[in-house]
Amino acid sequence: MSIIRIEDIAHVRFAAPDLETMRAFLIDFGLDPFLVDGCLYARGRDGRPFVHATQPGPAAFVALGLRAGSLDDLARLAAAEGVAVEPFAAPGGGHVVRLRDPDGFVVEVVAGQDTAAPAPDAVSLPRNAVAQRVRLRELVRLEPGPAHVFRIGHCVLKVADYRRSERWYKDRFGFLTSDEIEAAPGLPLGAFMRCDRGDVPSDHHTLFLAQLPGKPAFMHAAFEVMDFDDLMLGHQHLHARKRKPAWGVGRHIMGSQIFDYWRDPWGHELEHWTDGDLLTATDPPQTMTLRDLLAVQWGSPHPMFAGRLAPSPALVSRVIAFVTRLRQRFAARKQDTAS
Ligand SMILES: [Fe+2]
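As the structure is a prediction and not an experimental result, all values here were calculated from the model.

Basis of the calculations
- Residues numbered from 1 in each chain as written.
- Predicted model: local features only at pLDDT ≥ 70, side-chain atom pairs only at ≥ 80, totals over all residues.
- Heavy atoms only, no water.
- Helix = DSSP H or I, 4+ residues; strand = E, 2+ residues; numbered from the N terminus.
- Buried < 20%, exposed > 50% of the residue type's maximum accessible area, 1.4 Å probe, protein only.
- Contact = heavy atoms within 4.5 Å.
- 1 Å grid on protein atoms, 1.4 Å probe; cavity = no way out; pocket = protein on both sides within 12 Å on 5 of 7 lines; lining within 4 Å.
- Points joined across faces, edges and corners; volume = space filled by probe spheres on them.
- Nonpolar A, V, L, I, M, F, W, Y, C, P; charged D, E, K, R; others polar.
- Phe/Tyr/Trp six-rings, centres within 6.5 Å; stacked < 30°, edge-to-face > 60°.

Take the environment of glutamate 86 next. Structurally, glutamate 86 is set in strand β6 (residues 86-87). Looking at glutamate 86, the relative accessible area reads 33%, which means it is partly exposed. Residues within four places of glutamate 86 in sequence aside, it is in contact with Gly94, His95, Val96 and Arg98.

As a further point, take the layout of surface pockets. What the largest pocket holds in volume is close to 530 Å³. Residue lining of the largest pocket: 28 residues in total, with Met219, His220, Trp247, Leu294 and His302 positioned closest to the centre. At four residues, the largest contribution of residues to the lining of the largest pocket is made by helix α5 (residues 290-294). By residue class, the composition of the lining of the largest pocket is 18 nonpolar, six polar and four charged.

To continue, consider the packing of aromatic side chains. All told, the structure shown has 19 aromatic pairs when counted by the stated rule. With 6.2 Å between their ring centres and 35° between their planes, phenylalanine 50 and phenylalanine 88 make a pair best called tilted. Note that phenylalanine 50 is positioned in the loop between β3 (39-43) and β4 (52-56) and phenylalanine 88 in the loop between β6 and β7 (95-100), a separation of 38 residues in sequence. We note that phenylalanine 50, like phenylalanine 88, is buried. Taking 6.1 Å as the distance between ring centres and 50° as the angle between the ring planes, the aromatic pair formed by tyrosine 169 and phenylalanine 173 counts as tilted. Of the two residues, tyrosine 169 and phenylalanine 173 both sit in helix α3 (residues 162-173), four residues apart, roughly one turn of that helix. The same class applies to tyrosine 169 and to phenylalanine 173, which are both buried.

Right, let's get into empty space enclosed by the protein. Taken as a whole and assessed by the stated rule, the structure comprises two cavities of 30 Å³ or more. Taken as a whole, the largest cavity spans an internal volume of roughly 60 Å³. Taken together, His154, Asp203, His204, His205, Gly255, Gln257, Trp273, Gly276 and Asp277 make up the lining of the largest cavity. Of the residues belonging to the lining of the largest cavity, the class tally is one nonpolar, six polar and two charged. For the second largest cavity, the calculated volume is near 30 Å³. What lines the second largest cavity is Ala10, His11, Arg48, Pro49, Phe50 and Gln113. For the lining of the second largest cavity, the class distribution of residues is three nonpolar, two polar and one charged.

In structure tokens, the structure reads:
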């Protein structure tokens, strides 16, 4: 039983040396940025006070924000962790409990924020399919421009020890595994985890922890746009604005979402996504392979596999499995020496 069950991701927080440059990027990305007390915030259209924050400073990922269901939950979490519940000095107010995960990532657990009504425009048109003709006497006439980001949906972190981080996040926040990823049979290296909201459908993943070669790092944060047309209009707009593409457009296997990844001016990856899987608490976890993680159902291959001399997904999986085993052996030997 976890200390609390979080409802959703709330925000991601960065630092950047030039807030105006970040502001221009966020507008192109489809967010609505605004300055408060020298900090740049950006909201989506879901009525939440902000989903992206940038404070002045050398470029860095600063914190992951998670949303607790109530102030009582925050108090329970704070008591269990021996920390204080503090007023949250950010748009929307509310309160926050700040924790550090096993890799040192700051997690801001928030509750009691003011929210507004979702933006009323940018409604999706129904789509006609052979088996379902639902758009009748309505024409498709799309306005070029940035995507309409509705909300933040998930964050991906590279961790040093997947099992250790998985325990930490599950014990505190009640995450459920949707898909565990194996580099080789019996060698798990990460999991897509969702919020436990009982019968209420929840995104296939709110947090993805991945034990990959290299130091712990922020990998990307993802933002839901209105629909497929909106995602493609956003792609066209970011391309026209000469922003840096990272991967897409395509449809993932785990989570099934249609994705489109871009980099902010300091290289942090942000994803537009639409049409992801929604699961309830009773859906059982699945085991999938690293090849599934790197593959697409359709669309652009992962950039690692795009060139003429690109390695095969099988080779990449074998190399990562080898490195993971080596790291595990090294860590076990270090522990033996210490005890
Ligand atoms: Fe993603």
